[in-house]
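Summary of structural features
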Amino acid sequence: MSSTSLTLAPAPRSAAAEQVREEVREFLAAELAAGSFTTHVDTWLSGVDPAFSKKLGDRGWLGMTWPEKYGGHERTAMERYAVTEELLAAGAPVAGHWIADRQSGPNLLTYGTERQRAEILPRIAAGECFFVIGMSEPDSGSDLASIRTRATRNADGDWVVNGAKVWTSNAHHSHYAIVLVRSSPADPANRHAGLSQLLVDLSLPGITVNPIRILDGGHHFNEVVFDDVVVPGDMLLGEEGNGWHQVTAELAFERSGPERFLSTYPLVAEFARRAEASGDPAQLATLGRLSARLLALRQMSLRIAAALDRGELPTIAAALVKDVGTTFEGDVIDEVRRVVEVPASLDSPDPLGRALAEAQLHEPGYTLRGGTNEILRGIVARGLGLR
Amino acid sequence: MSDQDLVVETVRDILAGHEPFVLTAERSWDDGLWADLAAAGLTGVGLPEDAGGSGGELADAIAVVATLAAGAGAVPVAEQLLVAGPALVEAGVEHTSFDEPVTIALADAVTAEASDDGDGPGRFTLTGTATDVPWAGVAPRIAVLTRAPAGLDGALLALVDASGLETTTAANLAGEPRGSLVLDGVPATGAVLTPAQTERLRARYALARAVQLSAALQQVLSWTLQYAGERVQFGRPLAKFQAIQMELAEMAGEVTAVAALVDAAVQAADRGENEVLAAAAAKVRAGAAVEVVARLAHQVHGAIGFTQEYRLHHLTRRLWSWRDEAGSELHWSRVLGAGVLAGGAGNLWPALTRVV
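Model, not experiment: these values are computed from the prediction.

The next point concerns the overall build of chain A. If you tally the helices and strands in chain A, you get 12 helices and eight strands. The C-alpha radius of gyration computed for chain A amounts to 21 Å, which stays within 12% of the reference 21 Å derived for 387 residues, consistent with globular compactness. Principal axes of the C-alpha set define a box for chain A whose edges measure 70 × 50 × 40 Å. Across the 387 residues in chain A, those meeting the buried criterion constitute 56%. Partitioning the intrachain contacts of chain A with sequence separation of at least 6 by distance along the chain shows that 74% fall at a separation of at least 24.

The following block contains the structure:
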């Protein structure tokens with residue numbers, strides 16, 4: 001059920017969520033102590049570590065809400081929320097499995113065939129199978145319905161795909177893409193018609209993955225080019241022509257989680273160390289202001305998790321959280337630099353200087369990825385009855 | 001329907017007969033509105049019946065306060081129902097009824113001495129000036145939080161008869177009375193609060209303002225949506241312009257964030273868990289939203305919103321004041337910042353997840 005409500009009911013407290021939260025905290029403390037990872041900003045984009053993903057899978061922290069017969073653990077969205085939030089707060093390397101666990105799995109669960117689910121979902125839940133999002137294209141960003149990647153049926157009933165997808169995070173580490181394609185010619189009267197989603201094995205012949213470096217030089221984004229790629233006919237995801245509807249539902253998952261306000265939390269944590277050491281009232285006040293904003297975002301995001309547990313898909317509330325949350329992520333940088341004298345540099349001997357640099361160089365992405373804030377505000381405006 | 005819907009409806013019905021007006025030194029509160037609320041028992045909601053209240057839960061009192069805030073009701077109800085009333089009841093300070101306003105004064109500059117004036121135990125003499133007293137000159141009784149008498153920790157909460165006291169006529173940005181009271185050896189009944197009780201009282205006051213801010217922010221958004229839908233320029237309603245839609249969506253984001261945190265802080269207060277930090281966070285977050293929401297509301301309304309004849313200022317002027325009352329935004333930001341660091345910076349995250 002898609003919900004058009006801006007305001008959601010308060011989330012009930014969940015003892016199960018608090019328990020798993022403690023378990024994750026203990027796990028993360030042990031991993032940090034063992035040096036298995038170091039904390040960084042925005043690790044759900046940049047921190048790919050298949051061994052770490054596997055450990056999460058082993059502990060039952062991936063595919064948490066899915067049915068057991070697909071390798072899931074039949075836990076609540078509130079429990080999953082607690083796990084993801086703890087991982088993000090620790091700046092743990094979660095990018096490998098993030099997309100698969102967050103949105104591709106749920107998409108398969110809703111629209112996949114029995115065979116697709118049985119083959120793929122258990123591997124995602126084990127932390128062994130990573131996905132990329134095949135939506136944006138070189139000429140199609142916010143205007144997603146204008147995509148030109150084509151899929152046509154050949155004589156064998158397979159799909160032949162041609163086109164290119166961009167900003168595909170970690171395609172070079174991933175196994176599958178869910179690719180939005182135009183499966184029938186564009187209809188000017190109904191721009192959303194004729195789109196379909198295909199489940200594409202990234203090892204198929206004809207697929208080229210070209211790196212696109214982001215501002216800090218990091219290789220996370222790619223251009224994925226499809227040149228007469230033959231995708232088996234049974235790898236259609238959902239219904240032919242229903243791609244727009246499916247993608248919209250997928251985006252609600254993409255937009256609703258705590259990664260939409262915690263990307264720069266490791267910077268807040270590093271700043272807190274500075275504020276504690278200095279006792280500077282201005283720094284304490286800044287920490288207080290940032291905390292208040294973060295706590296409000298948590299409440300909003302928890303309400304979304306609770307709504308998911310009620311079987312709702314709160315599309316508009318999710319857009320709203322992402323707008324407010326990603327704005328916060330960027331504001332953290334300037335709030336901090338106004339009260340601390342520390343140059344931002346990836347080479348800084350000061351961990352706060354490094355965190356500032358990481359946060360700054362990733363900043364333009366926060367309010368773009370998963371739908372620009374302008375697009376999100378348009379969705380909110382629709383929810384307010386203005387469109 | 002929530003349990004509070006009936007309360008909200010009752011308050012709205014009463015408000016319907018009392019339009020907000022421009023507050024002046026001559027007419028600084030809405031005594032007619034107060035009389036109607038008192039007659040309906042709404043000035044005692046959430047306070048126990050055996051202590052002169054009307055009974056009900058904290059959620060009921062919150063509903064009354066929020067509805068009056070959204071309606072720009074110029075009455076000391078937030079102070080009475082959420083701060084002074086519960087504090088007096090909890091401290092066991094003798095009082096009569098809640099039909100006449102009792103307000104709160106945070107008076108750190110006032111000193112108290114125990115006295116034996118023959119009126120029984122718990123008698124004190126108060127000396128000093130209480131500043132920024134909400135509804136000074138309006139409320140005949142004031143719950144004054146002073147420094148504790150020498151040798152005691154915490155603070156003294158004393159109920160002062162304000163009728164004969166010298167009062168200045170200062171007002172906040174909305175014209176709500178915020179004058180000073182000169183206490184020159186004033187006798188009063190009171191009780192000593194522990195430091196923890198004192199902190200809770202201050203936090204409850206901040207929470208009261210946060211509840212008012214949240215309700216007023218929602219109302220301002222709603223007025224702005226309505227105006228943008230009705231006002232036609234270039235042949236179409238303002239609401240159809242993308243630039244305006246972006247602004248309205250931004251306002252909605254702020255309003256929703258505030259409501260979520262204020263609701264959570266109210267629940268924390270109800271449970272008696274982390275009440276101080278939760279209230280601090282709610283107050284700071286609500287205050288931070290004022291800049292965005294009031295600015296954009298005025299921007300969308302254009303020049304008419306900049307006049308006294310149009311209703312918008314009844315709430316925006318209150319928003320600009322309330323965010324720095326009951327402890328400034330800066331004060332509560334520091335309290336929250338220091339509070340989440342109390343267990344060490346290495347435990348910041350667990351501390352944050354415990355606040356609400």
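Next up on the list: the overall build of chain B. Helix and strand counts for chain B come out as 10 helices and nine strands. Computed over the C-alpha atoms, the radius of gyration of chain B is 21 Å, within 12% of the 21 Å expected from 2.2 N^0.38 for a compact globule of 356 residues. Considering only C-alpha atoms, chain B reaches an extent of 75 × 55 × 35 Å along its principal axes. Burial status across chain B gives 56% buried among its 356 residues.

Bringing the environment of Glu74(A) into the picture now. Residue and element names in this part refer to chain A. By secondary structure assignment, the location of Glu-74 is in the loop between helix H3 (50–58) and helix H4 (77–89). For the pair Glu-74 and Met-64, spaced 10 residues apart in sequence, the C-alpha separation works out to 6.1 Å. If near-sequence neighbours (up to four positions away) are discounted, Glu-74 is found in contact with Pro-67 and Glu-68.

To continue, consider the domain arrangement of chain A. Interfaces are frequently sized by the accessible area removed from exposure as the parts join. Residues and elements named next belong to chain A. Structurally, chain A comprises domain 1 (15–130), domain 2 (133–242) and domain 3 (248–383). Averaged C-alpha coordinates put domain 1 and domain 3 at centres separated by 21 Å. Contacts between the two partners involve 19 residues from domain 1, matched on the other side by 22 residues from domain 3. Where the side of domain 1 that touches domain 3 is concerned, the elements lending two or more residues are H4 and helix H5 (95–111). Per-element accounting of the side of domain 1 that touches domain 3 gives the leading share, seven residues, to H4. Across the side of domain 1 that touches domain 3, the residue classes break down as eight nonpolar, eight polar and three charged.

With 35 residues of chain A at the interface, the matching set in chain B holds 36 residues. Put simply, the parts of the chain that give the side of chain A that touches chain B at least two residues each are helix H8 (265–278), helix H9 (281–309), helix H10 (315–337) and helix H12 (373–383) of chain A. Of the residues forming the side of chain A that touches chain B, the biggest block, 16 residues, is contributed by H9(A).

Attention now goes to the nonpolar core. In this structure, Leu198(A), Val65(B), Leu207(B), Leu261(B), Ala265(B) and Ala281(B) are the most contacted members of the largest nonpolar core, which totals 254 residues. Look past the residues within four positions of Val65(B) in its chain and what remains in contact with it is Val77(B), Ala78(B), Leu81(B), Leu82(B), Ala208(B), Val211(B) and Gln212(B).

All names here are of chain B. Along the polypeptide, Gly-137 turns up in the loop between strand E3 (123–130) and strand E4 (141–147). Classification of Gly-137 by C-beta neighbours within 10 Å gives partly exposed; the count is 19. When the C-alpha atoms of Gly-137 and Arg-204 are compared, they prove to be 23 Å apart, with 67 residues separating the residues in sequence. Once residues lying within four places of it in the same chain are set aside, the contact partners of Gly-137 are Ser-28, Thr-167, Thr-169, Pro-177 and Gly-179.

Further remarks concern the domain arrangement of chain B. Residue and element names in this part refer to chain B. Here the domain parsing of chain B yields domain 1 (5–193) and domain 2 (198–355). Placing a centre on the C-alpha atoms of domain 1 and another on those of domain 2 gives a separation of 24 Å. Taken together, the contact between domain 1 and domain 2 spans 24 residues of the former and 24 residues of the latter. At the level of elements, helix H3 (58–70), helix H4 (77–91) and strand E1 (102–107) are the ones that each hand at least two residues to the side of domain 1 that touches domain 2. The element best represented in the side of domain 1 that touches domain 2 is H3, accounting for six residues. Its residues assigned to classes, the side of domain 1 that touches domain 2 shows 21 nonpolar, two polar and one charged.

Glancing now at helix H2 (residues 31–39) of chain B. Residue and element names in this part refer to chain B. Regarding H2, the residues found buried are Leu-33, Trp-34 and Leu-37. The arc that holds the buried residues of H2, viewed along the axis, is 100 degrees, so those residues lie on one side. Turned more than 90 degrees away from the buried face of H2, the exposed residues are Gly-32 and Ala-39. On its buried face, H2 sits against helix H1 (5–16) and H4. One or two steps after H2, the chain reaches Gly-41, where phi turns positive at roughly 75 degrees.

Moving on to the packing of helix H1 (residues 15–33) of chain A against H4(A). Residues and elements named next belong to chain A. Closest axis-to-axis distance for the H1/H4 pair is 8 Å, and the angle between their directions is 25 degrees. As the angle between them shows, H1 and H4 are arranged roughly parallel. In this structure, H1 crosses over H4, and the sense of that crossing is right-handed. Contacts from Ala-16, Ala-17, Val-20, Arg-21, Val-24, Arg-25 and Leu-28 in H1 reach Met-78, Glu-79, Tyr-81, Ala-82, Val-83, Glu-86 and Leu-87 in H4. By residue class, the composition of the contact of H1 with H4 is 10 nonpolar, no polar and four charged.

Within an α-helix, residues lying three or four positions from one another point in the same direction, as the helix has 3.6 residues per turn. All names here are of chain A. The end-to-end C-alpha distance of helix H6 (residues 114–125) is 16 Å, a good match for the 16 Å that 12 residues give at a rise of 1.5 Å each. Among the residues of H6, those classed as buried are Arg-117, Ile-120, Leu-121, Ile-124 and Ala-125. Seen along its axis, H6 keeps its buried residues to an arc of 130 degrees; they face one direction. Those residues of H6 that are buried lie in contact with H3 and H5. Residue Gly-127 follows H6 closely and has a positive phi angle near 80 degrees.

Now for the pairing of strand E6 (residues 207–213) of chain A. Residues and elements named next belong to chain A. Looking at chain direction, E6 and strand E7 (residues 219–231) are connected through seven bridges and run antiparallel. Along E7, the bridge assignment pairs Ile-207 with Phe-226. If you look at the hairpin formed by E6 and E7, you'll find five residues sitting between the two strands, and Gly-217 has a positive phi there, around 90 degrees.

Moving on: the packing of H12(A) against helix H6 (residues 242–271) of chain B. Helix-helix packing: each pair is described by the crossing angle between the helix axes and the interaxial distance. One can describe the packing of H12(A) onto H6(B) by two numbers: an axis separation of 8 Å at closest approach and a directional angle of 80 degrees. Viewed along their axes, H12(A) and H6(B) adopt a mutual orientation that is roughly perpendicular. Each of Glu374(A), Arg377(A), Gly378(A), Val380(A) and Ala381(A) in H12(A) lies in contact with H6(B), whose residues at this interface are Gln245(B), Met246(B), Leu248(B), Ala249(B), Glu250(B) and Ala252(B). Residues that form the contact of H12(A) with H6(B) fall into these classes: six nonpolar, two polar and three charged.

Cut-offs applied
Residues numbered from 1 in each chain as written. Chains lettered and ligands numbered in written order. Predicted model: local features only at pLDDT ≥ 70, side-chain atom pairs only at ≥ 80, totals over all residues. Helix = DSSP H or I, 4+ residues; strand = E, 2+ residues; numbered from the N terminus. Rg over C-alpha atoms; globule rule 2.2 N^0.38 Å. Buried ≥ 20, exposed ≤ 12 C-beta atoms within 10 Å, placed from the backbone. Contact = placed C-beta atoms within 7 Å. Domains from an automatic or database assignment. Nonpolar A, V, L, I, M, F, W, Y, C, P; charged D, E, K, R; others polar. Core = buried A, V, L, I, M, F, W, Y, C linked by C-beta atoms within 7 Å. Arc of directions from axis to C-beta. Axes fitted to C-alpha atoms, helices over the stretch in contact; angles between N-to-C directions. Parallel < 35°, antiparallel > 145°, perpendicular 65-115°, else oblique. Left-handed = near helix turned anticlockwise from the far one by under 90°. Expected span 1.5 Å × (residues − 1). Pairing = 2+ DSSP bridges.

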